[in-house]
Amino acid sequence: MTEESPGEAPRARPRQRKQMLLRLDPAVHDALARWASDELRSANAQIEFLLRRALADAGRLPGGASPIPRRGRPPKTAPEPPGEE
């Protein structure tokens, strides 16, 4: 536990992601895993991506839903042109 100074606002805790068991036909899982690999995602991230897209298309994605966290290496910054400093 962390101690807070008097008068200091409590820190907001990040929402934990929900876990669930999902049973899939092995052929469906294999196709999903290949698709995820093609898009450089895990199968879990691909399922979440597809579910969010389906919810958005149906107009059912809650406005308070946080975006999917970006994972991996940050994008490279463009080098400055020579002579500009």
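Everything quoted here is computed from the prediction, not taken from an experiment.

Caption draft 1: Structural detail: the pattern of salt bridges. In the structure shown here, the tally under the stated rule is three salt bridges. Between Glu 39 and Arg 41 there is a salt bridge, with its nearest N and O atoms 2.3 Å apart. The exposure class of Arg 41 is partly exposed, given its relative accessible area of 28%. The partner of Arg 52 in a salt bridge is Glu 48, and the shortest N-O contact between them spans 3.1 Å. One end of the pair, Arg 52, and the other, Glu 48, are both in helix 2 (residues 43-57), four residues apart, so they sit about a helical turn from each other. Here the residues in one salt-bridge network are Arg 17, Glu 48 and Arg 52, joined through shared partners.

Caption draft 2: Highlighting the side chain of Arg 52. Residue classification places Arg 52 among the buried positions, given a relative accessible area of 18%. In terms of polar contacts, Arg 52 uses its side chain to reach the backbone carbonyl oxygen of Ser 66, at 2.8 Å. Excluding residues that lie within four positions of it along the chain, Arg 52 makes contacts with Leu 61, Ala 65, Ser 66, Pro 67 and Ile 68.

Caption draft 3: Spotlight on helix 2. When the terminal C-alpha atoms of helix 2 are compared, their 21 Å separation across 15 residues agrees well with the 21 Å that a helix rising 1.5 Å per residue should span. All buried positions along helix 2 are accounted for by Gln 46, Glu 48 and Arg 52. Along the axis of helix 2, the buried residues cluster in a sector spanning 165°; they form a single face. More than 90 degrees from the buried face of helix 2, the exposed residues found are Leu 51 and Asp 57. Each element contacted by the buried residues of helix 2 is listed here: helix 1 (26-38). Looking one or two residues past helix 2, Gly 59 carries a phi angle of roughly 70°, positive in sign.

Caption draft 4: View of the side chain of Gln 46. Within the secondary structure, Gln 46 sits in helix 2. Look past the residues within four positions of Gln 46 in its chain and what remains in contact with it is Leu 32, Trp 35, Ala 36, Glu 39 and Arg 41.

Caption draft 5: The packing of helix 1 against helix 2, seen in detail. Put simply, helix 1 and helix 2 touch, their axes get as near as 8 Å, and they point 90° apart. The orientation of helix 1 with respect to helix 2, classified from their angle, is roughly perpendicular. Mapping the contact onto sequence places Leu 32, Trp 35 and Ala 36 in helix 1 and Ala 43, Gln 46, Ile 47, Leu 50 and Arg 53 in helix 2. Residue composition of the contact of helix 1 with helix 2, grouped by class: six nonpolar, one polar and one charged.

Cut-offs used in this document
- Residues numbered from 1 in each chain as written.
- Predicted model: local features only at pLDDT ≥ 70, side-chain atom pairs only at ≥ 80, totals over all residues.
- Heavy atoms only, no water.
- Salt bridge = Lys/Arg side-chain N within 4 Å of Asp/Glu carboxyl O.
- Buried < 20%, exposed > 50% of the residue type's maximum accessible area, 1.4 Å probe, protein only.
- Helix = DSSP H or I, 4+ residues; strand = E, 2+ residues; numbered from the N terminus.
- Polar contact = N/O pair within 3.5 Å; in protein donor to acceptor, adjacent residues only side chain to side chain.
- Contact = heavy atoms within 4.5 Å.
- Expected span 1.5 Å × (residues − 1).
- Arc of directions from axis to C-beta.
- Axes fitted to C-alpha atoms, helices over the stretch in contact; angles between N-to-C directions.
- Parallel < 35°, antiparallel > 145°, perpendicular 65-115°, else oblique.
- Nonpolar A, V, L, I, M, F, W, Y, C, P; charged D, E, K, R; others polar.

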